[in-house]
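Single-letter residue listing:
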Amino acid sequence: QFSQVYSSDDPYLDTDVQFAVTRALVGQYVRHDAASDPAPADDVQGPWYSLEHHFVIEEGDDRLPPAPISAKAEGERPRRAVLERRESARGGQSDMRLSGCNANAGYFSPPSKPDGC
């Protein structure tokens, strides 16, 4: 799959962090002077660039990637943590505390766990 053509004079082609730049996606843009080479459209003024590029798509088998999760979970769904707003001793600002069965998974500690957890 391709999404763009990269300019051959781009100084960052060799340091592409996403590894998206391949030799097949590097194009040679050609600069044209409007005085000697008329632009392809009337609203283009001054120098302009053109690109002739052929995308080659390799043949392959149609297939879907494997599903990341292939088994169905069993048992009850986990209960959601609930944030409760309460006044704090810091000048009336509100504090958020987790409560519920998953309260220990967060950054805040509840005063106590509710029954049934």
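The structure displayed is predicted, hence computed values, not measured ones.

Things to note about the overall build of the chain
Line of reasoning, step 1. Of regular secondary structure, the chain possesses 0 helices and 6 strands.
Line of reasoning, step 2. Ordered by position from N to C terminus, the α and β elements of the chain give β-β-β-β-β-β.
Line of reasoning, step 3. For the chain, the proportion of its 117 residues judged to be buried stands at 12%.
Line of reasoning, step 4. Long-range pairs, those at least 24 residues apart, make up 15% of the contacts in the chain with a sequence separation of at least 6.
Line of reasoning, step 5. In the structure as shown, the chain presents an accessible area of about 11,000 Å², 50% of it carried by carbon and sulfur atoms.

Structural notes on the confidence of the model for the chain
Line of reasoning, step 1. On average, residues of the chain score 75 in pLDDT, and 70% of them reach the 70 mark or higher.
Line of reasoning, step 2. Low confidence marks residues 102–110, where pLDDT is under 50. Its contacts with residues over four positions away, or in another chain, come to 17 contacts.

Section: the environment of Val44
Line of reasoning, step 1. Of note, Val44 is situated in the loop between strand S3 (30–32) and strand S4 (48–50).
Line of reasoning, step 2. Separated by 10 residues in sequence, Val44 and Ala34 place their C-alpha atoms 8.7 Å apart.

A few points about a nonpolar patch on the surface
Line of reasoning, step 1. Together, Tyr29, Tyr49 and Leu51 make up an exposed nonpolar region whose accessible area comes to about 310 Å².
Line of reasoning, step 2. Inspection of the secondary structure puts Leu51 in the loop between S4 and strand S5 (82–87).

Remarks on the environment of Ala34
Line of reasoning, step 1. Its location among the elements puts Ala34 in the loop between S3 and S4.
Line of reasoning, step 2. For the pair formed by Ala34 and Gln45, sequence separation is 11 residues and the distance between their alpha carbons is 7.2 Å.
Line of reasoning, step 3. Not counting residues up to four positions away in its chain, the partners in contact with Ala34 are Gly46, Pro47 and Trp48.

Reading the values: the criteria
- Residues numbered from 1 in each chain as written.
- Predicted model: local features only at pLDDT ≥ 70, side-chain atom pairs only at ≥ 80, totals over all residues.
- Heavy atoms only, no water.
- Helix = DSSP H or I, 4+ residues; strand = E, 2+ residues; numbered from the N terminus.
- Buried < 20%, exposed > 50% of the residue type's maximum accessible area, 1.4 Å probe, protein only.
- Contact = heavy atoms within 4.5 Å.
- Areas by Shrake-Rupley, 256 points an atom, 1.4 Å probe, with all protein chains shown as cover.
- pLDDT = per-residue confidence, 0-100.
- Patch = residues over 30% accessible without salt bridge, like charges linked within 9 Å, V, L, I, M, F, W, Y side chains within 5 Å.
- Salt bridge = Lys/Arg side-chain N within 4 Å of Asp/Glu carboxyl O.

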